Amino acid sequence: MNQTGSHNTLARWRQELTGRQWLALAVPPLLTAAMFLTFRQSVAWFGHPAGYLFAFLLYWVVWCLLIPAILLGGWRNVLGLFRHDPVRSRPVSRKTTLLLLWPLLFPLFFRFLPQLSEVNAPVLVISILLGLIIGVTEEILWRGVYIRLFPGRVGLNTIYPSIMFALWHLAPQAVHANPSPGGVASFVLYALVLGLSYATHARKSGSIRGCTVSHCVHDILGLGGFAYAAWLL
């Protein structure tokens with residue numbers, strides 16, 4: 001797109017988008033920058049994993065719950081994200097359902113099954129708790145907010161939030177880099193594909209219910225409890 005085309009697009013957006021929509025578009029880069037600093041500073045203050053968990057708590061509560069409640073006009077509208085909207089949704093095809101199933105294969109075969117013999121009750125309980133918190137809160141922000149505020153705009157309700165969802169993961173990676181092959185780059189790329197899959201399903205189904213369930217199961221299978229069980233207990 002040339003400079004004139006970009007200028008015309010921005011001019012059209014200024015006329016079409018509301019202040020609440022502009023604020024929603026500003027949230028991801030602000031979140032990423034703020035959380036990058038938060039993770040580094042909180043770990044410097046409290047050490048790891050205390051500072052790491054503290055930064056995540058701020059992310060879940062402030063950015064993934066309070067901000068969506070403000071953007072959507074209250075908690076009732078946040079809860080409405082989990083209900084199917086007959087106006088926005090249409091019957092979900094089998095291909096669309098697969099967008100929720102394929103992500104479960106990676107943590108199942110590369111984390112859960114290889115480490116199953118080491119799993120004890122504390123690790124399992126903490127993994128379930130983390131999976132539920134992460135899955136619910138992140139789907140509210142990264143999928144729910146954008147499918148509600150930008151209906152009919154695939155670039156703004158699917159592509160943009162998915163790219164920013166991937167980039168936000170650079171913040172925690174700044175203090176705890178991905179140890180798997182490919183390091184930070186592979187983790188961010190995986191988050192991008194995951195985000196696109198969940199956003200597409202949410203857009204087509206008109207609800208974040210399905211992608212929330214998949215996200216929760218995905219993170220439970222990832223056994224995040226191993227990172228905190230020894231410290232918390």
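**Focus: the nonpolar core**
- Counting 48 residues, the largest nonpolar core has Met35, Tyr59 and Trp168 as its most contacted members.
- Contributions of two or more residues to this core are made by helix H2 (19-46), helix H3 (50-72), helix H6 (121-149), helix H7 (154-168) and helix H9 (183-205).
- Residue contributions to this core peak at eleven residues, all from H3.
- In this structure Met35 touches Ala55, Tyr59, Trp63, Trp168 and Ala171, once residues within four positions along its chain are discounted.

**Focus on the packing of H2 against H6**
- Running from N to C, H2 and H6 point in directions that differ by 160 degrees, and their axes come no closer than 10 Å. The pairing of H2 with H6 is recorded here as roughly antiparallel in orientation. Every pair of crossing elements has a handedness; the one defined by H2 and H6 is left-handed. The segment H2 lies against H6, with Arg20, Gln21, Ala24, Val27, Pro28 and Leu31 engaging Leu141, Trp142, Val145, Tyr146 and Leu149.

**Here's the deal with the environment of Trp102**
- Within the fold, Trp102 resides in helix H5 (residues 94-115).
- Separated by 92 residues in the primary sequence, Trp102 and Leu194 have C-alpha atoms spaced 9.2 Å apart.
- Residues contacting Trp102, with those up to four places away along its chain left out, are Tyr190, Val193, Leu194 and Ser197.

**Focus: the pattern of salt bridges**
- Inspection of every chain in the model, using the stated rule, returns two salt bridges.
- Note that Glu16 is salt-bridged to Arg153, the shortest N-O span being 2.5 Å. Of this pair, Glu16 sits in helix H1 (residues 3-16) while Arg153 sits in the loop between H6 and H7; the two residues are 137 residues apart in sequence, bridging distant segments of the chain.
- A salt bridge links Arg143 to Glu139; the shortest N-O distance between them is 2.7 Å. With Arg143 and Glu139 both in helix H6 and four residues apart, this pair spans about one turn of that helix. This pair shows no difference in class: Arg143 is buried, exactly as Glu139 is.

**As for a nonpolar patch on the surface**
- Together, Trp45, Phe46, Phe54, Leu58, Val61, Val62, Leu66 and Trp75 line one region of the surface with nonpolar side chains, adding up to about 780 Å² of accessible area.
- Only H2 and H3 provide two or more residues apiece to the nonpolar patch.
- Tracing the chain through its elements places Trp45 in helix H2.

**Some thoughts on unusual backbone geometry**
- The omega torsion of the bond from His48 to Pro49 falls at 15 degrees, within 30 degrees of zero and hence cis.
- Despite not being glycine, Leu223 shows a phi value in the positive range, around 55 degrees.
- By secondary structure assignment, the location of Leu223 is in the loop between helix H10 (209-221) and helix H11 (229-232).
- Among the residues examined, Leu223 registers a relative accessible area of 1% and is labelled buried.

Parameters and conventions
Residues numbered from 1 in each chain as written. Predicted model: local features only at pLDDT ≥ 70, side-chain atom pairs only at ≥ 80, totals over all residues. Heavy atoms only, no water. Core = buried A, V, L, I, M, F, W, Y, C linked by side-chain atoms within 4.5 Å. Buried < 20%, exposed > 50% of the residue type's maximum accessible area, 1.4 Å probe, protein only. Helix = DSSP H or I, 4+ residues; strand = E, 2+ residues; numbered from the N terminus. Contact = heavy atoms within 4.5 Å. Axes fitted to C-alpha atoms, helices over the stretch in contact; angles between N-to-C directions. Parallel < 35°, antiparallel > 145°, perpendicular 65-115°, else oblique. Left-handed = near helix turned anticlockwise from the far one by under 90°. Salt bridge = Lys/Arg side-chain N within 4 Å of Asp/Glu carboxyl O. Patch = residues over 30% accessible without salt bridge, like charges linked within 9 Å, V, L, I, M, F, W, Y side chains within 5 Å. Areas by Shrake-Rupley, 256 points an atom, 1.4 Å probe, with all protein chains shown as cover.

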